[in-house]
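This is what each chain is made of:
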Amino acid sequence: MMPLSLPMQTVESTQVGEPWLNMTIFGLFVAVTLVIVLRASRNTKTAADYYAAGRSFSGPQNGTAIAGDYLSAASFLGIVGAIAINGYDGFLYSIGFLVAWLVALLLVAELLRNTGKFTMADVLSFRLRQRPVRIAAAITTLAVCFFYLLAQMAGAGGLVSLLLGIDDRLGQSLVITVVGGLMILYVLIGGMKGTTWVQIIKAVMLITGAFVMTIWVLAIHNFNLSTLLGAAMETAGNPEIINPGLQYGVSSTSQLDFVSLALALVLGTAALPHVLMRFYTVPTAKEARRSVVWAIWLIGGFYLFTLVLGYGAGALIGADRITAAPGGVNSAAPLLAFELGGPILLGVISAVAFATILAVVAGLTITAAASFAHDIYANVIRKGNLDPDGEVKVARRTVVVIGILSILGGIGAQGQNIAFLVALAFAVAASANLPTILYSLFWKRFNTQGAIWSMYGGLGSAMLLIAFSPVVSGRETSMIQGADFVLFPLNNPGIVSIPLAFFLGWLGSVLAKTTEDPQKQAEMEVRSLTGVGAEKATEH
Amino acid sequence: MATEPSPPDAGTAAPVDFTAYQQNPQFKELRKRHRSFVFPMAVFFLLWYFLYVLLASYATDFMSTPVWGNINIGLIMGLLQFVTTFAITMGYVTYANRKLDPIAADIRHELEATAPEVFTEKPGATK
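Residues numbered from 1 in each chain as written. Chains lettered and ligands numbered in written order. Predicted model: local features only at pLDDT ≥ 70, side-chain atom pairs only at ≥ 80, totals over all residues. Heavy atoms only, no water.

1. Quick notes on the overall build of chain B
On a plain count of helices and strands, chain B comes out with 5 helices and 2 strands. The order of α-helices and β-strands along chain B, N terminus first, is α-α-α-β-β-α-α. Here chain B holds 127 residues, and 49% of them are scored as buried. As displayed, chain B offers around 6300 Å² of accessible surface, 65% of which is attributable to carbon and sulfur atoms. (Helix = DSSP H or I, 4+ residues; strand = E, 2+ residues; numbered from the N terminus. Buried < 20%, exposed > 50% of the residue type's maximum accessible area, 1.4 Å probe, protein only. Areas by Shrake-Rupley, 256 points an atom, 1.4 Å probe, with all protein chains shown as cover.)

2. Notes on the overall build of chain A
Each helix and strand in chain A was counted, giving 21 helices and 0 strands. Reported as C-alpha extents along the three principal axes, the dimensions of chain A are approximately 70 × 55 × 45 Å. The burial tally for chain A puts 67% of its 540 residues in the buried class. In chain A, once contacts between residues fewer than 6 apart in sequence are set aside, the share between residues at least 24 apart is 83%. Entry remark: accessible area of chain A is about 17000 Å², with carbon and sulfur atoms responsible for 66%. Each charge class in chain A was averaged separately, 30 positive and 27 negative side chains, and the resulting centres sit 14 Å apart. (Contact = heavy atoms within 4.5 Å. Lys, Arg positive; Asp, Glu negative; His and termini not counted. Charge placed at Lys NZ, Arg CZ, Asp CG, Glu CD.)

3. A closer look at the layout of surface pockets
Over the atoms rolls a probe the size of a water molecule, and its path tells where empty space is left. What the second largest pocket holds in volume is close to 400 Å³. Contributing to the lining of the second largest pocket are 24 residues, with Asn 114, Ala 285, Lys 286 and Thr 530 of chain A together with Arg 108 of chain B lying nearest its centre. Mapped onto the lining of the second largest pocket, the elements with two or more residues apiece are helix 6 (101-115), helix 13 (285-316) and helix 21 (518-530) of chain A together with helix 2 (25-58) and helix 4 (73-114) of chain B. Looking at which element gives the most residues to the lining of the second largest pocket, the answer is helix 4 of chain B, with 7 residues. Residue composition of the lining of the second largest pocket, by class: 10 nonpolar, 6 polar and 8 charged. (1 Å grid on protein atoms, 1.4 Å probe; cavity = no way out; pocket = protein on both sides within 12 Å on 5 of 7 lines; lining within 4 Å. Points joined across faces, edges and corners; volume = space filled by probe spheres on them. Nonpolar A, V, L, I, M, F, W, Y, C, P; charged D, E, K, R; others polar.)

4. Things to note about the nonpolar core
Nonpolar side chains tend toward joint burial in soluble globular proteins. Residue and element names in this part refer to chain A. By size, the foremost hydrophobic cluster in this structure holds 229 residues, and its most contacted members are Tyr 70, Trp 101, Phe 279, Tyr 303 and Tyr 311. Considering each element in turn, this core owes the most residues, 27 residues, to helix 15 (residues 332-381). Not counting the four nearest positions on each side in its chain, Phe 279 is found in contact with Asn 62, Ile 66, Trp 101, Ala 109, Leu 112, Arg 113, Ala 288 and Val 292. (Core = buried A, V, L, I, M, F, W, Y, C linked by side-chain atoms within 4.5 Å.)

5. Things to note about the interface of chain B and chain A
Listed by partner, the interface residues are 74 residues for chain B and 81 residues for chain A. For the pair chain B and chain A, the summed buried area comes to about 6600 Å², and 67% of that belongs to carbon and sulfur atoms. Across the pair Glu 525 of chain A and Arg 35 of chain B runs a salt bridge whose closest N-O atoms are separated by 3.9 Å. For the interface between chain B and chain A, the tally reads 17 residue pairs in polar contact (both at pLDDT 80 or more). Looking at which element gives the most residues to the side of chain B that touches chain A, the answer is helix 4 of chain B, with 21 residues. Considering only residue class, the side of chain B that touches chain A consists of 44 nonpolar, 21 polar and 9 charged. (Buried area = accessible area lost by both parts, 1.4 Å probe. Salt bridge = Lys/Arg side-chain N within 4 Å of Asp/Glu carboxyl O. Polar contact = N/O pair within 3.5 Å; in protein donor to acceptor, adjacent residues only side chain to side chain.)

6. Looking at a nonpolar patch on the surface
On the surface, a nonpolar cluster with roughly 520 Å² of combined accessible area is contributed by Trp 453, Leu 500, Phe 503, Trp 506, Val 510 and Leu 511 of chain A. Secondary-structure assignment places Phe 503 of chain A in helix 20 (residues 494-511). (Patch = residues over 30% accessible without salt bridge, like charges linked within 9 Å, V, L, I, M, F, W, Y side chains within 5 Å.)

7. A word on the pattern of salt bridges
Enumeration according to the criterion identifies 11 salt bridges over all chains in this entry. When the shortest N-O distance is used, the salt bridge between Arg 134 of chain A and Asp 122 of chain A registers 3.1 Å. One end of the pair, Arg 134 of chain A, is in helix 8 (residues 130-163); the other, Asp 122 of chain A, is in helix 7 (residues 120-124), and 12 residues separate them in sequence. Accessibility classification places Arg 134 of chain A together with Asp 122 of chain A in one group, the buried group. A single network of salt bridges, built from pairs that share partners, joins Glu 110, Lys 286 and Arg 289 of chain A together with Asp 101 of chain B.

8. A closer look at the confidence of the model for chain B
Residue and element names in this part refer to chain B. For chain B, per-residue confidence averages 81 on the pLDDT scale, and residues scoring 70 or more make up 80% of the total. Per-element confidence in chain B is highest for helix 2, whose mean pLDDT is 94, and lowest for helix 5 (residues 116-119), whose mean pLDDT is 68. Under a pLDDT of 50 for its full length, residues 1-13 has, in the predicted model, 47 contacts with residues more than four places off or in other chains. For the stretch residues 121-127, pLDDT sits under 50, and the model shows 21 contacts to residues farther than four places along the chain or on other chains. (pLDDT = per-residue confidence, 0-100.)

9. What about the environment of Asn 70 of chain B?
Mapped onto the secondary structure, Asn 70 of chain B falls in the loop between strand 1 (66-68) and strand 2 (71-72). For Asn 70 of chain B, a relative accessible area of 18% gives the class buried. Residues contacting Asn 70 of chain B, with those up to four places away along its chain left out, are Ser 226, Leu 229, Gly 230, Met 233 and Ile 242 of chain A. A polar side-chain atom of Asn 70 of chain B sits 2.8 Å from the main-chain carbonyl oxygen of Ser 226 of chain A.

10. Observations regarding the packing of helix 9 (residues 169-220) of chain A against helix 15 of chain A
All names here are of chain A. Relative to each other, helix 9 and helix 15 sit at 145°, their axes nearing to 5 Å. In the crossing of helix 9 with helix 15, the sense of the turn from one axis to the other is left-handed. Residues that form the contact of helix 9 with helix 15 fall into these classes: 30 nonpolar, 8 polar and 1 charged. (Axes fitted to C-alpha atoms, helices over the stretch in contact; angles between N-to-C directions. Left-handed = near helix turned anticlockwise from the far one by under 90°.)

11. Focus on helix 9 of chain A
Residues and elements named next belong to chain A. Given a rise of 1.5 Å per residue, 52 residues ought to cover 76 Å, yet the end C-alpha atoms of helix 9 are separated by just 38 Å, more than 12% below that figure. Where helix 9 bends most, at Gly 191, the angle is about 125°. Remark: Asn 222 follows helix 9 within two positions and exhibits a positive phi of approximately 55°. (Expected span 1.5 Å × (residues − 1). Bend = angle between axes of the 7 residues up to and from the residue.)

12. Overview of unusual backbone geometry
Excluding glycine, most residues fall at negative phi; most peptide bonds, likewise, are trans. All names here are of chain A. A positive phi angle is found at Ala 53, which is not glycine, with a value near 55°. The residue Ala 53 is located in the loop between helix 2 (47-52) and helix 3 (59-70) in this model. Phi at Arg 55 is positive, roughly 50°, even though this residue is not glycine. Positionally, Arg 55 belongs in the loop between helix 2 and helix 3.

13. Considering the packing of aromatic side chains
Following the criterion strictly, the structure yields 27 aromatic pairs over all chains and no others. Ring centres of Tyr 439 of chain A and Trp 443 of chain A lie 5.3 Å apart, and the angle between their planes is 50°; on these two criteria the pair is classed as tilted. By relative accessible area, Trp 443 of chain A is classed as partly exposed at 23%. Geometrically, the ring pair formed by Tyr 49 of chain B and Phe 50 of chain B is edge-to-face, given 5.1 Å between the ring centres and 75° between the ring planes. Here the two residues Tyr 49 of chain B and Phe 50 of chain B agree in accessibility, since each one is buried. Through a chain of ring-to-ring contacts, three or more aromatic side chains come together here, namely Tyr 70, Phe 76, Tyr 93, Phe 97, Trp 101, Tyr 148, Phe 302, Tyr 303 and Phe 426 of chain A. (Phe/Tyr/Trp six-rings, centres within 6.5 Å; stacked < 30°, edge-to-face > 60°.)

And the structure:
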């Protein structure tokens, strides 16, 4: 076991590294991606171009973009920090986030690609009554995107305090505004094509960066995982860091909370609207399958890196210094970069973290804009009597509105726990969307009433349980200080709201007096499995 | 360039009798092959995942048993989740390429040949 002296113990100041170097590297990323977005946007003419990048990406490209979309700031900063401080329990997140992709691969991706066009609502309303189902699906889409957006924007604010040495609220708000403004620009100009390229570049940067750091940490510990774990135990002064239970084992409530979180993680991914929308950017169902396969390898590899990085941060820096640093838990990865490669590596990793936030936020914004313009405006308000140019115009305006809302929300959500907000988005997605997606793809008797009950029931119960959970009130770490209206003991609502939504979907279908058109059900089944008549790539 | 037809109502009034086609033996075979793979596999990985989650949550002593150096059963089980995820992915791709894609392509071509006006002219738009 190598003795661990901590020469950097005195560095407890408000920031590390060179803010100007960090900003320069990030500026470089912005400049390069902006040029690519501008070039990509030249061919964006139709709605299929704007929402689905002309369905022209290959499986590997889309898989990389999915990894870029999925590996958010919560994954990178949050999980590395969680492992550094809570040890094994942080690793549990990674596993849930990865295994969840099997739901997407086996049950959702290809069938969805074959039946839909631009949004999740296209699939859900295929054989059910258009108006009510579309409205419900658009509302759940917007709700999930909103929570996810808040998490990312709040993360941007927290990151700034560490990396740029901007501690005050005004400075952080300014940076959130800049990040939001950039994102609006990307999505407005580049549409899905520009967004996809930003995500691809970011995924390559993030995974390469994490890989280099992983090798570095392993090299310090003789490429021996056991040695690394030993070093982490020694720094932590607690051998329990390699065992499960440090965070979730403290009481029976926290154990149940963990099961609830695990359920939301594994069932949430395949119901995230911004992930689902990515499957429309490839020309065929087979390419959609290849996308998921690429995504699984990249995401799986990345989560293995985070295991090493998390324990590496625990060993080389230690939980005390991480929690004392501005940005708290989220600062473990940047601090590790500084420890390993000095200000330059810190600058690169910071730029990657910013790029991560920017790319995820762009993906969410275009999803939310498509859902509003395509589902609510074009199909419900204008009842389909809107030419595609008009729809894209509405979508672009929506991008600006959503961008401004998320900037304001991000400023308001500063200091909130990023991982919590993301887990919340997963729970809402798994409750509100997944039952209806699975029922409409696989259960013949499913009908409009079942869909409506399941979507609103899942969304409503998840939100209510969160509102009355310890997350919102009753604890020192709660959102609302000094109030206590806790009625539900768990932080994550999944264990109640997900089964409830499945049950309501079944009950509503069984009790419905009207029946759906069997022809439509047959058409959906034939289309979903064979890909007949599926949307093809546009040519330019 | 392609102009995008006005938005969905996907599949309204298609002049193809899908209800009849649903009973087509070839299509039924495709559906059977698809479901007989994905359903058991989905049940398997969910059970395996929840076994892991419950052990990590409630059987912490067992999971903390050292196996080799500082590496314990919990870590090995966690890494095995990665292994099974990768293995199921590869298994499904092989299965789909061999058993699903050819038959799906046959049906697709047959349907597109019987009703070209529905499926080829304006892809996806049946309005």
